[in-house]
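Each chain, written out:
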Amino acid sequence: MPQLTLCAVLGSPIAHSLSPALHRGAYAAMGLDDWRYAAIECDEAGLPALIDGLDDRWAGLSLTMPLKRAVLPLLDEVSPLAVAVGGANTVLLGGGVRRGDNTDVYGIVRALEEAGAGKPGSAIVLGGGATACSALAALQQLGLSEATLLVREVTRAGEALAAAERLGVAAAVQPLAQASFEADLVISTLPSGGADAYAERIAASAPTVFDVAYAPWPSPLAEAVRRAGGTVVGGFEMLLHQAARQVELITGRHDVPVEAMRAAGLKELAARS
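Residues numbered from 1 in each chain as written. Predicted model: local features only at pLDDT ≥ 70, side-chain atom pairs only at ≥ 80, totals over all residues. Heavy atoms only, no water.

We now examine the overall build of the chain. In terms of regular secondary structure, the chain is built from ten helices and twelve strands. Over its C-alpha atoms the chain spans a radius of gyration of 18 Å, differing by no more than 12% from the 19 Å that the globule rule assigns to 273 residues. Overall, the chain is about 60 × 35 × 30 Å in size when its C-alpha atoms are taken along their principal axes. When burial is assessed residue by residue, the chain has 53% of its 273 residues classed as buried. With the model as given, the accessible surface of the chain reaches about 11,900 Å², and the carbon-plus-sulfur share is 51%. With 20 positive and 29 negative side-chain charges, the chain shows a separation of 3 Å between the mean positions of the two kinds. (Helix = DSSP H or I, 4+ residues; strand = E, 2+ residues; numbered from the N terminus. Rg over C-alpha atoms; globule rule 2.2 N^0.38 Å. Buried < 20%, exposed > 50% of the residue type's maximum accessible area, 1.4 Å probe, protein only. Areas by Shrake-Rupley, 256 points an atom, 1.4 Å probe, with all protein chains shown as cover. Lys, Arg positive; Asp, Glu negative; His and termini not counted. Charge placed at Lys NZ, Arg CZ, Asp CG, Glu CD.)

Spelled out as structure tokens, the structure:
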């Protein structure tokens, strides 16, 4: 019997993750019958021991909060993009080497391009965490050299400002509660419900809004933007495309079945609702 190839998503909490459905959907469509993908509850304190305990069956890991930054000191190699963003959501394992990469940026770019919103002239990012850093990198890849960061507490924007500097993006920080939302594109990286109080103001100010939340969907922010006639991009699309890129990196194959992954992810979301 062939040896199984193992992969998993790590994070805390992890039960809500759609990554198992997406990756397993890819494996099934690609005929990778000997590949397995699990969800493992793991916090920052437990990460070093968990990674040290992986044997040669392991091909790769997906990382969600709060591990994207915590993993960096544990890696042998880190891609320039992950260094710039300040976080890796992907770990490639093989040959005794741990390589970190970031596919969140790719996911954001592809989601915006699919929605026809890949050429914004101005942008606002809500939040200052790891996803906000990836959003800044995505905006840089889409041709923007400046952006506004709106955060609940200006003093907690240090990581995002550092990422912006590494990326060469001029970032102005403003308190969320007092902000204007006038921009071609608003990207909300806030947790589910975090932008609800500003939904109508955002919808009245920005023609395109990307809400990285995906459950429940549509979010109040998405509904407000649709009522106003704007373009809405949802977090599921980002999650789908970042996972597809992960599958490509981990398997080394370029025939990743994005539509099969989309179907698997939507089926899982429907089963939860």
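Turning our eyes to something else, we now look at the sheet that holds strand β11 (residues 208-211). Spatial ordering of the open sheet is given by β9-β8-β7-β10-β11-β12, a layout of six strands whose pairing is parallel. Since the sheet does not close on itself, it has two edges, and those belong to β9 (170-175) and β12 (231-234), each with one partner. On average, adjacent strands in this sheet sit at an angle of 20° to one another, irrespective of strand direction. Inspection of the sheet shows strand β7 (residues 123-126) paired to strand β10 (residues 185-188) by four bridges, in the parallel sense. Counted as the bridge partner of L126 is S188 from β10. (Pairing = 2+ DSSP bridges. Axes fitted to C-alpha atoms, helices over the stretch in contact; angles between N-to-C directions.)

A few words on the side chain of D101. Tracing the backbone through its elements, the reader meets D101 in strand β6 (residues 97-101). It turns out D101 is buried and unbridged, and the closest side chain with the opposite charge, R245, is 5.5 Å from it. The contacts of D101, once residues within four sequence positions are left out, are S79, A82, A88, N89, T90 and L249. (Salt bridge = Lys/Arg side-chain N within 4 Å of Asp/Glu carboxyl O. Contact = heavy atoms within 4.5 Å.)

Taken as a whole and assessed by the stated rule, the structure comprises three aromatic pairs. Taking the centre distance of 6.4 Å and the plane angle of 65° together, the rings of Y27 and Y37 count as edge-to-face. Of this pair, Y27 sits in helix α1 (residues 19-30) while Y37 is found in strand β2 (residues 35-41), placing the two residues ten residues apart along the sequence. With relative accessibility at 4%, the residue Y27 sits in the buried group. Connected via pairs of aromatic rings, a cluster forms that spans Y27, W35 and Y37. (Phe/Tyr/Trp six-rings, centres within 6.5 Å; stacked < 30°, edge-to-face > 60°.)

Taken together, the buried positions of helix α6 (residues 158-167) are occupied by A160, A163, A164 and L167. When α6 is viewed along its axis, its buried side chains cluster within an angular range of 100° and face the same direction. Its buried side turned inward, α6 meets α3 (80-85), α5 (130-141), β8 (146-151) and β9. Phi for G168, located one or two positions after α6, is positive at around 75°. (Arc of directions from axis to C-beta.)

Purely spatial values, then, with no claim about function.
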